[in-house]
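Architecture and fold: a report
Chain by chain, the residues run as shown.
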Amino acid sequence: MRNDRRERGFGRPGGWQQADLPDPADAHDWFAGRLPADWFTGPVDIEIDRDEIVVVGELPVPGDASTPTATKEGALARFRESTRPARMQIADEAQRRYGRSVAWGVRVDGERILFTHLAVPVMTRLRQPERQVLDTLIDAGVARSRADALAWTVKLAGKHAETWLAELREAMRKVDDLRSEGPTGL
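Since the model is a prediction, treat every value here as computed from it, not as a measurement.

**Thoughts on the overall build of the protein**
On a plain count of helices and strands, the protein comes out with five helices and four strands. Listing each helix as α and each strand as β along the protein from the N terminus yields α-α-β-β-α-β-β-α-α. Within the protein, the proportion of its 186 residues that are buried is 23%. Long-range pairs, those at least 24 residues apart, make up 59% of the contacts in the protein with a sequence separation of at least 6. Surface summary for the protein: the accessible area is close to 13,400 Å², and the carbon and sulfur share equals 54%.

**Considerations on the pairing of strand β2 (residues 52-58)**
Where burial is concerned, most of β2 is hidden: six out of the seven residues are buried. Counted along the chain from strand β1 (residues 45-48) to the antiparallel partner β2, the turn is three residues long. Here β2 runs beside strand β3 (residues 101-108); their pairing, made up of seven bridges, is parallel. Looking at the pairing, G57 lines up with V106 of β3.

**Regarding the environment of G110**
In this fold, G110 is placed in the loop between β3 and β4 (111-114). Between the C-alpha atom of G110 and that of L59, which follows or precedes it by 51 residues, the distance is 10.0 Å.

**Quick notes on the packing of aromatic side chains**
Under the defined criterion, the tally for this structure stands at seven aromatic pairs. Between W39 and F79, the ring centres sit 5.9 Å apart and the planes meet at 85°, which makes this aromatic pair edge-to-face. Of the two residues, W39 is situated in the loop between α2 (27-34) and β1 and F79 in helix α3 (residues 69-98); the sequence distance between them amounts to 40 residues. Of the two residues, W39 and F79, both sit in the buried class. In textbook terms, an aromatic cluster arises when at least three aromatic residues are bridged by ring pairs, as seen for W30, F31, W39, F40, F79, Y98 and W104.

**Description of the pattern of salt bridges**
By the definition in use, this model includes twelve salt bridges. Of the charged contacts, one joins E58 and R107 as a salt bridge, the two residues approaching to 3.3 Å between their closest N and O atoms. Taken as a pair, E58 in strand β2 and R107 in strand β3 lie far apart in primary sequence, 49 residues in all. Taking relative accessible area as the criterion, R107 reaches 18% and is therefore assigned buried.

Rules used in this analysis
Residues numbered from 1 in each chain as written. Predicted model: local features only at pLDDT ≥ 70, side-chain atom pairs only at ≥ 80, totals over all residues. Heavy atoms only, no water. Helix = DSSP H or I, 4+ residues; strand = E, 2+ residues; numbered from the N terminus. Buried < 20%, exposed > 50% of the residue type's maximum accessible area, 1.4 Å probe, protein only. Contact = heavy atoms within 4.5 Å. Areas by Shrake-Rupley, 256 points an atom, 1.4 Å probe, with all protein chains shown as cover. Pairing = 2+ DSSP bridges. Phe/Tyr/Trp six-rings, centres within 6.5 Å; stacked < 30°, edge-to-face > 60°. Salt bridge = Lys/Arg side-chain N within 4 Å of Asp/Glu carboxyl O.

In short, the description is geometric, and any link to function would need to be established separately.
Here's what the structure looks like:
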């Protein structure tokens, strides 16, 4: 039985959930070569998970730090409308290449603004104590729903656990490297 699992690709990078997804290792380079040079000031940030690729670049805004908010909002609206056809074409190509949806966003004066992006449903089985935590967040006005409360707690946990999560991701990469160096076809 153990040999059967190896032959079917058991232990691929990312675990069984990503076994059938194309490898996005070259996505940063692909987008760097595909995006028009005048869209953003500097390189874009690209975040990739099992479902989505999020591309965010710094939007050039006329003026300086004292530029009125309305001017920044106008520049954002102009960028979003004028680049829509090209962004859609690039997104379609990337989706075919990487098997994931593409979402777009910009940074304006340090503020991150995402255009349409996925809200992926996640099944959870929570017992009453966990549901009571979510309901407390709703009652306190921190969240509008249990889904919002759960998203809020995940963000909070991620913020406080980022160092640990980075170490865990690095350890997983090392395991993937060791797997790839091992014998094949056993």
